[in-house]
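# Structure at a glance
Below are the chains, spelled out letter by letter.
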Amino acid sequence: MADPVRDWATDFDIFDTEYVNDPFTIWDDLRERCPVAHTDRYRGQWLPTTYEDVQAIARDVPHFSSMGVSVVPPPVEALEGGQVPLLPAGVPPISADPPEHTWTRRLLLPWFSPQRVESYEQGTRELCRRLINGVIEHGRADAAEQYAQQIPVRVIGKVLGVPEDMSDTFTGWVRDVLEFANIPERRKNGIMSLVAYFQSLIEERRGGDGDDLISVLLRSEVEGEPVPDGHILGTAALTLIAGVDTTWSAIGSALWHLATNPDDRRRLVAEPELMPTAIEELLRAYAPVTMGRLVMEDVEYNGCPMKAGERVLLSFPAANRDPKMFDEPDKVIIDREQNRHVAFGVGIHRCAGSNLARMELRVAVEEWLARIPEFDIEPGAEVTWAGGQVRGPRNVPVVFPRAHGA
Ligand code: HEM
């Protein structure tokens, strides 16, 4: 266990239980007295907490590189020439700077275009209904574990062309990489398992005519050359890592909010036309993702002496709660009109999967409310949260009137 935080301005740790459970109060305090906090932990990190600073640093690619996107730097002994040897090309495009970022992102974007995402919608709806059928007769469920967590991994599984019975295994690996990144053995286990699995898929699919992401990347060319295997491996691993925990956390937070705020829940059931603004507001208020950047050379940012090799943590969630940008930022207003939130990031790395994420979140909430419009947190049961790179509830035990499965 790490030492408890002494002072959030000079010694923060985003894995600290206090931050995981209530980062909002910490950001409010920091914005007042030290808007860009620092810690010596994890080989040195900075934490900007205002919308303006998060935007400015995200856009300053030359100084703040995506070679360090993880919020915990890999252990020094696990690195070879600055890279984790198991993933020699990193996990592009998220871990790449231009020019490599440009072509690796271009290869991935068509998979998440509005038209492609529409083609996944009916399947996602049927999946949600199937999951609800499994719990509705019991009158109680864990809305995070039995519902939210089960959806994105299966949708991404279709993109990757992997069997549904791998879902729990994938979820375990992704949790090891993101949620338990501060526990070196778990992180290593997650990366090794993912890499071994995708390496064998690449071999299996080479020369084939499949229409899954890996098969198509194996047949793709960039400037007349085949895409290197290291890039295919990294991009496949990223698709799973970026598409699973993030979206399940967003769905879980949305359901937790609706369980604990009956006025919003009833209004959304009565006025389903509010769904688009409600989804954006839930994304703003419970933005799950914080990203790292590597400081490339000593630089002074707003009076902060950032040293080469340190990391800056881009807390998109903190930016989304900045009172200078949003009126009453800590209030969820499901018909909020002005909402330029940055839950999906900003600049060249803005989320490539945002169309898919929005569709999954909307469909998951719509299907749940259609069958279970009234639900509350189970009295006496504990809601648990995960934090770090991706924040979201891990357990949301709810009770509701029993009904028959369809
Ligand atoms: C609610 C769910 C999601 C949230 C909040 C989210 C958030 C983000 C954020 C903040 C970034 C920016 C990273 C940076 O600046 O370093 C990002 C990038 C990315 N996301 Fe998402 N994401 C979500 C779902 C998804 C899904 C479903 C996919 C599909 C696989 C996906 C794929 C990606 C990819 C590939 C990138 C890298 C883009 C680039 O580097 O050019 N995300 N996401």
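The text that follows walks through the structure, step by step, so that each part is easy to find. (Residues numbered from 1 in each chain as written. Predicted model: local features only at pLDDT ≥ 70, side-chain atom pairs only at ≥ 80, totals over all residues. Heavy atoms only, no water.)

## Brief notes about the overall build of the chain
Counting its regular elements, the chain contains 15 helices and 14 strands. Scaling as 2.2 N^0.38, a compact globule of 406 residues should have a C-alpha radius of gyration of about 22 Å, and the chain matches this with 21 Å. When contacts within the chain are restricted to residue pairs at least 6 apart in sequence, long-range pairs at least 24 apart make up 71% of them. Charged side chains of the chain number 41 positive and 63 negative; the gap between the two group centres comes to 2 Å. (Helix = DSSP H or I, 4+ residues; strand = E, 2+ residues; numbered from the N terminus. Rg over C-alpha atoms; globule rule 2.2 N^0.38 Å. Contact = heavy atoms within 4.5 Å. Lys, Arg positive; Asp, Glu negative; His and termini not counted. Charge placed at Lys NZ, Arg CZ, Asp CG, Glu CD.)

## Remarks on the coordination of the iron atom of the ligand
What the protein offers the iron atom of the ligand as a donor is a single atom, C351 (SG), at 2.3 Å. Among the secondary structure elements, C351 is positioned in the loop between α14 (316-319) and α15 (354-371). (Donors = N, O, S within 2.8 Å, 3.2 Å for Na, K, Ca; no water.)

## Some points on the site of the ligand
In the neighbourhood of the ligand, 30 residues make up the surrounding shell, with H101, R105, R293, H349 and C351 lying closest. Within the backbone of A242, a nitrogen or oxygen atom sits 3.5 Å from a nitrogen atom of the ligand. A distance of 2.6 Å is found between an oxygen atom of the ligand and a side-chain nitrogen or oxygen belonging to H349. Contributing elements (two or more residues each) for the shell around the ligand: α4 (100-108), α11 (229-260) and β7 (290-295). Take the shell around the ligand: its biggest share by element is 7 residues, from α11. Among the residues making up the shell around the ligand, the classes are represented as 19 nonpolar, 8 polar and 3 charged. (Near = heavy atom within 4 Å. Polar contact = N/O pair within 3.5 Å; in protein donor to acceptor, adjacent residues only side chain to side chain. Nonpolar A, V, L, I, M, F, W, Y, C, P; charged D, E, K, R; others polar.)

## Some points on the environment of V159
Within the secondary structure layout, V159 lies in helix α7 (residues 151-160). Non-local contacts of V159, meaning those with residues more than four positions away in its chain, are made with W111, Y120, D212 and L213.

## Some points on the sheet that holds strand β3 (residues 64-65)
With respect to topology, 5 strands assemble into an open sheet ordered β1-β2-β10-β7-β3, the strand pairing being mixed. Taken across any chain shown, the strands that pair with only one partner, and hence form the sheet edges, are β1 (36-39) and β3. In terms of strand pairing, β1 meets strand β2 (residues 45-48) through 4 bridges, oriented antiparallel. Across the sheet, V36 pairs through a bridge with P48, a residue of β2. Packing of helix α3 (residues 51-59) onto the sheet brings it into contact with β1, β2, β3 and β10 (311-315), and relative to β10 it is tilted by some 125°. (Pairing = 2+ DSSP bridges. Axes fitted to C-alpha atoms, helices over the stretch in contact; angles between N-to-C directions.)

## With respect to the packing of helix α13 (residues 275-285) against α15
Packing of α13 against α15 brings their axes to within 11 Å, and their N-to-C directions diverge by 115°. Classified by the interaxial angle, the pair formed by α13 and α15 is roughly perpendicular. Pair α13 / α15 crosses with right-handed handedness. Of the residues in α15, those touching α13 at M275, I279, E280 and L283 are R358, L361, R362, V365 and E366. (Parallel < 35°, antiparallel > 145°, perpendicular 65-115°, else oblique. Left-handed = near helix turned anticlockwise from the far one by under 90°.)

## What about the nonpolar core?
Judged by nonpolar contacts, the single largest core of 88 residues is most densely connected at F198, W368 and F375. Beyond its immediate stretch of four places on either side in the chain, F198 contacts L160, I214, L233, A236, A237 and L240. If you look at the next biggest cluster of nonpolar residues, it comprises 22 residues, including V36, Y51, C304 and F316. (Core = buried A, V, L, I, M, F, W, Y, C linked by side-chain atoms within 4.5 Å. Buried < 20%, exposed > 50% of the residue type's maximum accessible area, 1.4 Å probe, protein only.)

## Some thoughts on the sheet that holds strand β14 (residues 397-399)
If you trace the 3 strands from one edge of the open sheet to the other, you get β4-β14-β11, paired in antiparallel fashion. Across the chains shown, the open sheet's two edge strands, defined by having one partner strand only, are β4 (140-142) and β11 (376-377). Examined bridge by bridge, β11 and β14 share 2 bridges and lie antiparallel to one another. Across the sheet, D376 pairs through a bridge with V399, a residue of β14.

## A short note on the side chain of D142
Tracing the backbone shows D142 in strand β4. Nearest to the buried, unbridged D142 among oppositely charged side chains is R140, at 9.3 Å. In this structure the side chain of D142 is engaged in a polar contact, spanning 3.0 Å, whose partner is the backbone nitrogen of A144. Once residues within four sequence positions are removed from consideration, D142 is found in contact with Y147, R394, N395, V396 and P397. (Salt bridge = Lys/Arg side-chain N within 4 Å of Asp/Glu carboxyl O.)

## Let's talk about the pattern of salt bridges
The full count for this structure, using the stated rule, is 31 salt bridges. Between E367 and R125 there is a salt bridge; the shortest N-O distance is 2.7 Å. Of the two residues, E367 sits in helix α15 while R125 sits in helix α5 (residues 114-133), which places them 242 residues apart along the sequence. With respect to class, E367 is no different from R125; both count as buried. Taking the shortest distance from any N to any O, the salt bridge between E378 and R140 comes out at 2.8 Å. Residue E378 is located in the loop between β11 and β12 (384-386), and its partner R140 is located in strand β4; the two are separated by 238 residues in the primary sequence.

## Describing the pairing of β7
Counting buried residues in β7 gives 6 out of 6 residues, a clear majority hidden from the surface. On β7, burial covers both faces: T290, G292 and L294 on one face and M291, R293 and V295 on the other are all buried. Bridge analysis of β3 against β7 gives 2 bridges, and the strand direction is antiparallel. Bridged to F64 within β7 is V295. The pairing of β7 with β10 spans 5 bridges and is antiparallel. Each residue of the ladder has a partner; that of T290, found in β10, is S315.

Just distances and angles here, no functional claims.
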